[in-house]
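Structural characterization, general
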Amino acid sequence: QVQVVETGGGLVQPGGSLRLFCAVSGDIASVYAMMWYRQAPGTQRELVATIFNSGYTDYADAVKGRFTCAKGNAKNTVYLQMTSLKPEDTGVYYCNPALWVGVQVVSDYWGRGTQVTVSS
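Below: a short report on this structure. None of these values were measured; they are calculated from a predicted model.

Calculation rules
- Residues numbered from 1 in each chain as written.
- Predicted model: local features only at pLDDT ≥ 70, side-chain atom pairs only at ≥ 80, totals over all residues.
- Heavy atoms only, no water.
- Pairing = 2+ DSSP bridges.
- Helix = DSSP H or I, 4+ residues; strand = E, 2+ residues; numbered from the N terminus.
- Axes fitted to C-alpha atoms, helices over the stretch in contact; angles between N-to-C directions.
- Core = buried A, V, L, I, M, F, W, Y, C linked by side-chain atoms within 4.5 Å.
- Buried < 20%, exposed > 50% of the residue type's maximum accessible area, 1.4 Å probe, protein only.
- Contact = heavy atoms within 4.5 Å.
- 1 Å grid on protein atoms, 1.4 Å probe; cavity = no way out; pocket = protein on both sides within 12 Å on 5 of 7 lines; lining within 4 Å.
- Points joined across faces, edges and corners; volume = space filled by probe spheres on them.
- Nonpolar A, V, L, I, M, F, W, Y, C, P; charged D, E, K, R; others polar.
- Salt bridge = Lys/Arg side-chain N within 4 Å of Asp/Glu carboxyl O.

1. Topic: the sheet that holds strand β3 (residues 18–26)
- Across the sheet, which stays open at both edges, the four strands sit in the order β1-β3-β8-β7 with antiparallel pairing between neighbours. Whereas interior strands pair on both sides, the edge strands pair on one side only; in this sheet they are β1 (2–7) and β7 (67–71). The sheet shows a mean angle of 15° between the axes of neighbouring strands, direction not considered.
- By the bridge criterion, six bridges tie β3 to strand β8 (residues 77–82) in an arrangement that is antiparallel. By the bridge assignment, R19 is partnered in β8 with Q81.

2. Describing the nonpolar core
- Counting residues in each nonpolar core, the largest one holds 29 residues, and the members touching the most others are W36, F67, L80, M82 and Y93.
- Looking at this core, the elements that each hand over two or more residues are β1, β3, β4 (30–39), β5 (46–52), β7, β8, β9 (91–101) and β11 (114–118).
- For this core, the element with the highest residue contribution is β3, accounting for four residues.
- The contact partners of M82, leaving out residues within four places of it in the chain, are G16, S17, L18, L20, R66, F67, Y93 and V116.

3. Quick word on the layout of surface pockets
- Volume-wise, the largest pocket comes out at about 210 Å³.
- Surrounding the largest pocket, 16 residues form its lining, V31, N53, K71, K75 and N76 being those nearest its centre.
- For the lining of the largest pocket, the elements supplying multiple residues, two or more each, are β4, β5 and β8.
- Classifying every residue of the lining of the largest pocket by side-chain character gives nine nonpolar, five polar and two charged.

4. So, the pairing of β9
- For β9, a buried count of nine out of 11 residues is recorded, marking the element as mostly surrounded by other parts of the structure.
- Looking at chain direction, β4 and β9 are connected through nine bridges and run antiparallel. In the sheet register, M35 faces β9, and the bridge partner there is N96.
- Inspection of the sheet shows β9 paired to β11 by three bridges, in the antiparallel sense. Along β11, the bridge assignment pairs V92 with Q115.
- In terms of strand pairing, β9 meets strand β10 (residues 104–106) through three bridges, oriented antiparallel. Opposite V101, over in β10, you have Q104 as the bridge partner.

5. Some words on the pattern of salt bridges
- Counted under the stated rule, the structure contains four salt bridges.
- With a shortest N-O distance of 2.6 Å, E46 and R38 are connected by a salt bridge.
- Residue E46 is classed as partly exposed on the basis of its relative accessible area, which comes to 34%.
- In this structure, D61 and K64 form a salt bridge, with 3.3 Å as the shortest nitrogen-oxygen distance.
- Residue class for D61 comes out exposed when judged on its relative accessible area of 66%.
- Beyond isolated ion pairs, a larger network of salt bridges with shared partners links R38, E46, R66 and D89.

So far we have only geometry, and geometry alone does not tell us how the molecule works.
Written as C-alpha cells, this is what we have:
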C-alpha cells in the first residue's frame, strides 16, 4: 500500500504565491520520479512539473519560470513552489509518484489533491 497526501492549497490573489507539499508513504522500494498534475473544471488533467530522483526537473511551458519543484527535507517528500500565480493556474493539484516495483516503474498512485484557486 502506498499513500499520497497533498497539502498547501488555498485561495490566493493573482500575482501571489503558494507552496504545495506532497508526502508519499507506505511500501516504497525506491522513487523514480515525482510528478505534479493539475486539473481545472471541465478539462483533462495536465502535467505541470516532474522531479526525478537525481534532482533533475522539468516543467510545462505554462509554468516555466514561475513554478519550482524540489525535494523536501524528509524522505519521499516534494514541494511545488508557485509564484506569480494567474487565474488560469486554478485547479486541483495532484502529486503522482513513479515508483520502482521490481524492474518496472509504476505510477498508479494518486492522492486526493489540493485545491488552488487564484482569484481577486
